[in-house]
Amino acid sequence: MNNQIRICFILLSYLSSFIVNAAEKPVSIAIAKDAYPYFFENGQGNAEGYFVDLWKAWSKVVEQPVQFVSTDQSEAIKGLRYGNVDIHAGLTKTVRHQNVFQYSQQIGSLDTYLYNHKNISVDSNLKQITPYSIGIVRGSLLPKIFKQHETTFTYKRFPSQPKLIDAALNEDVLVLASTQIYFQDSSVQKLFDSSFPVEKRLKLDSMPIFAAVRKGDTKLLAQIEEGLGLISNEEKQRIRNKWFGENKHRIELKVALSGNKNPFSTLGDDSLPHGMYVDMWREWSKQTNSPVTFQFMDKQQGLSALKEGVVDVALYEANGSEEVTDAWRLYEVKHRLFIFQKKPSSLASINKSTIGVIGQIKFSDALKRKLPNAKIIKFNDIEEVVEAAKQQKISGFISSASWTQQYLLKNKLWAEFVQEPSIEFVTPVYALVDKNNIGLASKISRGFNRISYQELADIEQKWILNPADHFFIAEGRTLNISYEQKKYLAAISGLKFGYLKSWAPMEFMDKEGQFKGINADVVSLIRHQLNVPIEPVAFDDWASLYEALQAKKIDFAGSMAARKKGETRLHFSNDYWPSPWAITTKSEHSGLLNIEQLQGAKVAIVEGYALSSQLISNRPDLKLVLVADSEKGIELVEQDKADYFIDKLISLSSLITEKKYYDLKVFLIPGLEVQRSHFGFSEDFQQLVPLINMAIAQMDQATKNTIYKRWVPDANLSNAQLYRRWVIALSIISVLLSASFLIYWLANKRIQVEVGRREKIEKKIHFLNNHDNLTGLVNRRLLDDRLSSAVLTNSREQTRFAVMFIGIGNFRMVNDALGYSAGDNLLVGLANALSGTIRRSDTLARFSSDEFVIILNRAQEFEAVCQVAENILAAAGRVTASQVPDLPLTVNIGIAFYPNDSDNPIELLKKADRLMTLAKESNESSYMTS
């Protein structure tokens, strides 16, 4: 009997333990790891976001543990479908999933927008964007929204939203449709907003979001519904306010700030708030479309109101409280020593005096180091400390320079006080928010990032009288950087900057071995702004400098062409200096009208320039000679070992003048865009790039002009000075030159006309030999050369390219039914359509009567090639549908890849041809790869 009781007790214990364990088993919830701020994975690998907090609140009210599984969105959906997770945190309803999922009540919504590049004009009817492919995430529901418009759109699909955003930032797509895009990194947000500004965005729709479970899991769905209903409206609003900065209990954002602090913030005679901070926030209000109201409070009152939720933002110095965080570094206030009547004879005399300060100060430790023997007395307000100074109870006082100057002017005391510039301290002013209000902090950061530096500088100049007190100054002595960024800069012991020894005036080594030139001045400004030591390292040639940068032997270099992500491991700053390309040649050569005139010429260029790679890929007809530096390039031209030498205009002009190459002349190159100089950084300094960009942004045009005039001597001379310098010489030789020129012109006019005529004929013959007469496309002869060049280039650079063989099925029906002229028109239309789907660096050739070939250079990603193929099918389909709607034409594409399918040009072409033939067997427009 006792044994039976014991056994029953054990069974009951085991059963109760099983029930408890079952009850404590967490519900698994799938989230997308890259959908900030809705749900995402933070740096520690933990789930965060609006919907994550909502599910945590659900877990609390139903007393059900939850476990978040973060992955890609497509994998999250698969996980729910196959039972690997219990719930998807938030999905839109789709026909595709209605048979496998059941949905809860609506738990949120996502606004969708059409983002247009700053250079695109757009209105609500969207007709202006029809020439552009709209970037979307694969599987997106947005194409259904576009069907409401009568216009037909084309799409470029990406596997994920991060891939789509990367393409937008690289300007691979100029129009994209997506849910509202947020960034955790404010510098990336600023970059995106500058390329896709708010005023160019169109709201498309608001898509409801639901929790999803597998079909048939009604018990879990009922638990979800019950729990969501138990979450209070206050808790839901708190979560939304945390992540999106929206407080629906208030129509406007309430900002607390100090009163009677002219010129920063004060109540005007019209009983309205005025001042620099007020104007800054009004500009922020315009950028975010969020109304702002102001409440004047002292610091203690303002911080208390912030903690109690009476206000949303407080503008004060940071006080180290764990309950608030700084959302934005709004300004830096300079504090200076004011002395009554007489300026001190020396700093030593001040050190032994009595100095007044107002209230609690943040720079007390710095003040003690500066004046260790001075006696410091605290006063309550400026009236009290000024009166003490006038009565000589104190030698002087330290106060906000701008605020004090305004007070002294207003009270007619300006002439009685002098400022001591050697005693100066700086305190930052922050926009403080509740530490849990992540959304508002992000919204504040986004709004101020949309305000240009110049706009902030204009507001400052309106209110701050003394330029010495300015924060937004041309040389940027102080940058608006966060505490974390300051810590990052402080951790950098020094940077190594690589430069060329003889590339004047951009950069060079002078006779004393010092780093000089335009880049030296710009680097000096950056060093001054960031307060980071920078050591110049000289190199003999560009190739060795670039190799050192990649090997991390130096940290950064200047005058580089920015390259896209994936092409290099380097990181690039914004551009800081224009660098137009120019060409030098012997004087007997004629001037350049376009780059096509270089065809067949021997052209020298510095090895390592981005332009050299472009010319190798795009202009195989040139005989390129790679040289180590500019001097060697000019020497080749001077010695007739090269016809032309290409380099930056400013470097060519300076070098030719310095070396006195009187028989050389310089032309700008029509057809080549002006290259912008960037700083290139090794891969370890990605975090430094946004700070460098901030420093570059403060270098205004006046500063650039000063630098330019310093290093380009003729720029220092006015037109009048130049005239006076040359007027005597010109007067003496003008008659002789005029007579000589007239004789020369008469003798050579006929020859010049004949030479010009023959050049035109030769160019036309050359073009006809290498191009199709009907379409103007490259013919088979030139295609063979381009294909061989592509193999050589991509073999050297270890990159891939693709060959597309395109056939028009049933093309003979067009000639038979409509005549040969209709067939010719169709081929021309198809040629134009195909040209619009590829890049300028790619090659499109007519291979035979109804066949075309495309060479896609540097086709690293398989998906990108497939996207081009889809675009070709769509573009060709539109042409055939409009010109021969009644004939069953098809367009078929075979795609071969170098080196996967072959490293031989002929075999690549044959492989693509065979794949095209296989694609034709489907009897519909299609493409096929190996």
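Before any of the text, the structure's been laid out above.
Note that the coordinates shown come from a computational prediction; the quantities given were computed from them, not determined experimentally.

A. Molecular detail of the overall build of the protein chain. Looking only at helices and strands, the protein chain has 30 helices and 40 strands in total. Across the 930 residues of the protein chain, 46% fall into the buried class. Restricting the contact set of the protein chain to residue pairs at least 6 apart, pairs at least 24 apart contribute 71%.

B. View of empty space enclosed by the protein. Counted according to the given criterion, the structure contains six cavities of 30 Å³ or more. Its volume calculated, the second largest cavity comes out at about 70 Å³. Forming the boundary of the second largest cavity are Ile616, Ser617, Arg786, Ser789, Ala790, Thr793, Thr843, Ile855 and Asn857. Those elements giving two or more residues to the lining of the second largest cavity turn out to be α20 (610-618) and α26 (780-797). In terms of residue count, the dominant contributor to the lining of the second largest cavity is α26 (four residues). For the lining of the second largest cavity, the residue count by class is three nonpolar, five polar and one charged.

C. Seen up close, helix α19 (residues 542-550). Buried within α19 we find Trp542, Leu545, Tyr546, Ala548 and Leu549. Projected onto a plane normal to the axis of α19, the buried residues spread over an arc of 160 degrees and lie on a single side. Sitting at the head of α19, Asp541 places a side-chain oxygen 2.8 Å from the backbone nitrogen of Ser544. Within two residues after α19, Lys552 carries a phi angle of roughly 65 degrees, on the positive side.

D. Structural detail: the nonpolar core. Counting 71 residues, the largest nonpolar core has Leu489, Phe679 and Leu688 as the members making the most contacts within it. When residues of this core are assigned to their parent elements, the largest contribution, seven residues, is made by helix α18 (residues 518-530). Among the domains, domain 2 (477-580 + 677-712) and domain 3 (581-673) are the pair contributing at least three residues each to this core. Sequence-distant contacts of Leu688, that is, excluding residues within four places in its chain, are made with Tyr488, Leu489, Ile492, Leu495, Leu530 and Phe681. Residues Met276, Val333, Ile358 and Val385 belong to the second largest nonpolar core, which totals 51 residues.

E. A look at the sheet that holds strand β23 (residues 502-503). Ordered in space as β23-β24-β25, the three strands form an open sheet in which the pairing is antiparallel. A strand with exactly one partner marks an edge of an open sheet, and here the two such strands are β23 and β25 (515-516). Alignment of β23 against strand β24 (residues 507-509), held across two bridges, turns out to be antiparallel. Bridging from a neighbouring strand, Trp503 pairs with Glu507 of β24.

F. Here's a closer look at the layout of surface pockets. In this model, the second largest pocket occupies a volume close to 1,200 Å³. Gln73, Ile77, Val137, Arg138 and Gly139 are the residues nearest the centre of the second largest pocket, which is lined by 38 residues in total. Looking at the lining of the second largest pocket residue by residue, the class counts come to 18 nonpolar, 13 polar and seven charged.

G. Examining helix α10 (residues 299-307) more closely. Along α10, the positions that sit buried rather than exposed are Gly302, Leu303, Ala305 and Leu306. One side of α10 holds all its buried residues, which, seen down the axis, span an arc of 160 degrees. Where the residues of α10 are buried, they touch β12 (253-257), β16 (313-316), β17 (324-340) and β21 (417-434). Sitting at the head of α10, Asp298 places a side-chain oxygen 3.2 Å from the backbone nitrogen of Gln300. Gly309 sits one or two positions beyond α10 and adopts a positive phi of about 80 degrees.

H. Structural context of the environment of Leu782. Here Leu782 shows up in helix α26. Classification of Leu782 as buried rests on a relative accessible area of 13%. Leu782 sits 162 residues away from Pro620 along the chain, and the two C-alpha atoms are 10.0 Å apart.

I. Structural detail: the environment of Ile692. Mapped onto the elements, Ile692 comes out in helix α23 (residues 689-697). Taking C-alpha positions, Ile692 is 9.9 Å from Val523, a pair spaced 169 residues apart along the chain. Apart from residues no more than four positions distant in its own chain, Ile692 is found in contact with Ile526, Leu530, Ser573, Phe679 and Phe681.

J. Highlighting a nonpolar patch on the surface. On the surface, Leu409, Trp414 and Leu465 cluster together into a nonpolar patch covering about 300 Å² of accessible area. Looking at the secondary structure, you find Leu465 in the loop between α16 (453-463) and α17 (483-490). By relative accessible area, Leu465 is classed as exposed at 51%.

K. Structural context of the sheet that holds strand β19 (residues 375-379). What the eight strands build is an open sheet, ordered β15-β12-β16-β21-β17-β20-β18-β19; its pairing is mixed. The sheet is open, and its two edges are formed by β15 (292-296) and β19, each paired on a single side. Strand after strand, the sheet turns through a mean of 25 degrees between neighbouring axes, direction not considered. The pairing of β17 with strand β20 (residues 396-400) spans five bridges and is antiparallel.

L. Local environment of the side chain of Arg336. Among the secondary structure elements, Arg336 is positioned in strand β17. Polar contacts involving the side chain of Arg336 include one to the side chain of Asp469, which spans 2.7 Å.

M. Representation of the pairing of strand β6 (residues 87-91) within the structure. Counting buried residues along β6, five of its five residues qualify, which places the element largely inside the surrounding structure. Summarising the sheet, strand β1 (residues 27-32) and β6 pair through two bridges and their orientation is parallel. By the bridge assignment for β6, Ile29 is matched with Ile87. Strand direction decides the pairing type here: β6 and strand β11 (residues 201-214), joined by two bridges, are antiparallel. Within the sheet, the bridge partner assigned to His88 lies in β11 and is Ala212.

N. Region of the structure containing the side chain of Asp521. Assignment of secondary structure puts Asp521 in helix α18. In this structure Asp521 touches Ile707, Arg710 and Trp711, once residues within four positions along its chain are discounted.

O. How the structure looks around the pattern of salt bridges. Inspection of the entire model under this criterion finds 18 salt bridges. The partner of Arg282 in a salt bridge is Asp279, and the shortest N-O contact between them spans 3.9 Å. Of the two residues, Arg282 and Asp279 both sit in helix α9 (residues 276-288), three residues apart, roughly one turn of that helix. Residue Arg282 is classed as partly exposed on the basis of its relative accessible area, which comes to 36%. We classify Asp279 as buried; its relative accessible area is 15%. Here Arg336 and Glu424 are joined by a salt bridge, their closest N and O atoms 2.9 Å apart. Taken as a pair, Arg336 in strand β17 and Glu424 in strand β21 lie far apart in primary sequence, 88 residues in all.

P. Expanded view of the packing of helix α2 (residues 50-62) against helix α7 (residues 218-230). Packing of α2 against α7 leaves a shortest axis separation of 9 Å and a crossing angle of 100 degrees. In terms of orientation, α2 and α7 fall into the roughly perpendicular class. Listed contacts from α7 to Trp55, Trp58, Val61 and Val62 of α2 are Gln223, Ile224, Gly227, Leu228 and Leu230. A per-class count over the contact of α2 with α7 returns seven nonpolar, two polar and no charged.

Reading the values: rules and limits
- Residues numbered from 1 in each chain as written.
- Predicted model: local features only at pLDDT ≥ 70, side-chain atom pairs only at ≥ 80, totals over all residues.
- Heavy atoms only, no water.
- Helix = DSSP H or I, 4+ residues; strand = E, 2+ residues; numbered from the N terminus.
- Buried < 20%, exposed > 50% of the residue type's maximum accessible area, 1.4 Å probe, protein only.
- Contact = heavy atoms within 4.5 Å.
- 1 Å grid on protein atoms, 1.4 Å probe; cavity = no way out; pocket = protein on both sides within 12 Å on 5 of 7 lines; lining within 4 Å.
- Points joined across faces, edges and corners; volume = space filled by probe spheres on them.
- Nonpolar A, V, L, I, M, F, W, Y, C, P; charged D, E, K, R; others polar.
- Arc of directions from axis to C-beta.
- Polar contact = N/O pair within 3.5 Å; in protein donor to acceptor, adjacent residues only side chain to side chain.
- Core = buried A, V, L, I, M, F, W, Y, C linked by side-chain atoms within 4.5 Å.
- Domains from an automatic or database assignment.
- Pairing = 2+ DSSP bridges.
- Patch = residues over 30% accessible without salt bridge, like charges linked within 9 Å, V, L, I, M, F, W, Y side chains within 5 Å.
- Areas by Shrake-Rupley, 256 points an atom, 1.4 Å probe, with all protein chains shown as cover.
- Salt bridge = Lys/Arg side-chain N within 4 Å of Asp/Glu carboxyl O.
- Axes fitted to C-alpha atoms, helices over the stretch in contact; angles between N-to-C directions.
- Parallel < 35°, antiparallel > 145°, perpendicular 65-115°, else oblique.

The values are spatial; any link to function lies outside them.
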